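Listed below are the residues making up each chain.
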Amino acid sequence: ELASKVVQAAQQIWTDTTEFREGCDRWASLYENDPLMGSGFFTRWGRRRAGASRPLPLAWNAVKAVTDASVAIVTEDRPKCTVVTSKANRTLQRKGKALETFITGVMAENDIYLLSDELENDAHKFGTGIAHTYVDHAPLKPRIRVERVWPWEILVQQEDSAKRRPETMYRVRP
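A quick note: this is a predicted structure, and the numbers were derived from the prediction, not measured.

**Observations regarding the overall build of the protein**
For the protein, the helix and strand inventory stands at seven helices and four strands. Residues classed as buried in the protein amount to 22% of the 174 residues present. Within the protein, residue pairs in contact and separated by at least 24 positions form 49% of the contacts whose partners lie at least 6 positions apart. As displayed, the protein offers around 12,500 Å² of accessible surface, 57% of which is attributable to carbon and sulfur atoms.

In structure tokens form, the structure reads like this:
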């Protein structure tokens, strides 16, 4: 009974966010130089029927140029994670150094710098860039994973999103 209520709530949120998902498709098409191409959410025929007009090539170039320039500026610096252990004893400093090495390894394994470029690009195109961090419970070696999530894969109830820190988010995978 509880599962059916959760599914019903997610379906309602999905229906309520249709306009946002269509907007994401339009925004991506401005960046990609093709008003009929985007995330693949909607077919070309559906957009033609909807009367999608073809923007001027200058608009495409301006959107892409501004986005790419801004992403390059924002992601130019590659921050390094450091664990601060000032005024700590030697044991705690060793643990801090080990934690720093572990975090650096997780960042390298997940190619965080490339991911940050993609997330910044998404933030410019869609208004937000989302990363999902989780533990991959592989049988031999569990790993910490970080992956890019498209904004339309995340569903949040309107009342909950008004707080800016929603308690519940649903992820819909295509």
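After that view, the rundown keeps rolling.
**What to know about the pairing of strand β2 (residues 143-149)**
Judged from the seven bridges that link them, strand β1 (residues 130-136) and β2 form a sheet pairing that is antiparallel. The residue bridging Val135 from the neighbouring strand is Ile144, located in β2. In sequence, β1 turns back onto β2 through a hairpin of six residues.

**Section: helix α6 (residues 112-126)**
The end-to-end C-alpha distance of α6, which contains 15 residues, comes to 20 Å, matching closely the 21 Å that a straight helix rising 1.5 Å per residue would cover. Of all the residues in α6, the buried ones are Leu115, Leu119, Asn121, Asp122, Lys125 and Phe126. When α6 is viewed along its axis, its buried side chains cluster within an angular range of 160 degrees and face the same direction. Gly127 sits one or two residues past α6 and shows a positive phi near 95 degrees.

**With respect to unusual backbone geometry**
Here Lys87, not a glycine, exhibits a phi torsion of approximately 60 degrees, which is positive. When you line up the elements, Lys87 lands in the loop between α4 (57-74) and α5 (90-109). One non-glycine residue, Asp111, adopts positive backbone phi at about 50 degrees. With respect to the helices, strands and loops of the structure, Asp111 is situated in the loop between α5 and α6.

Cut-off values and rules
- Residues numbered from 1 in each chain as written.
- Predicted model: local features only at pLDDT ≥ 70, side-chain atom pairs only at ≥ 80, totals over all residues.
- Heavy atoms only, no water.
- Helix = DSSP H or I, 4+ residues; strand = E, 2+ residues; numbered from the N terminus.
- Buried < 20%, exposed > 50% of the residue type's maximum accessible area, 1.4 Å probe, protein only.
- Contact = heavy atoms within 4.5 Å.
- Areas by Shrake-Rupley, 256 points an atom, 1.4 Å probe, with all protein chains shown as cover.
- Pairing = 2+ DSSP bridges.
- Expected span 1.5 Å × (residues − 1).
- Arc of directions from axis to C-beta.

Nothing here speaks to function; it is geometry throughout.
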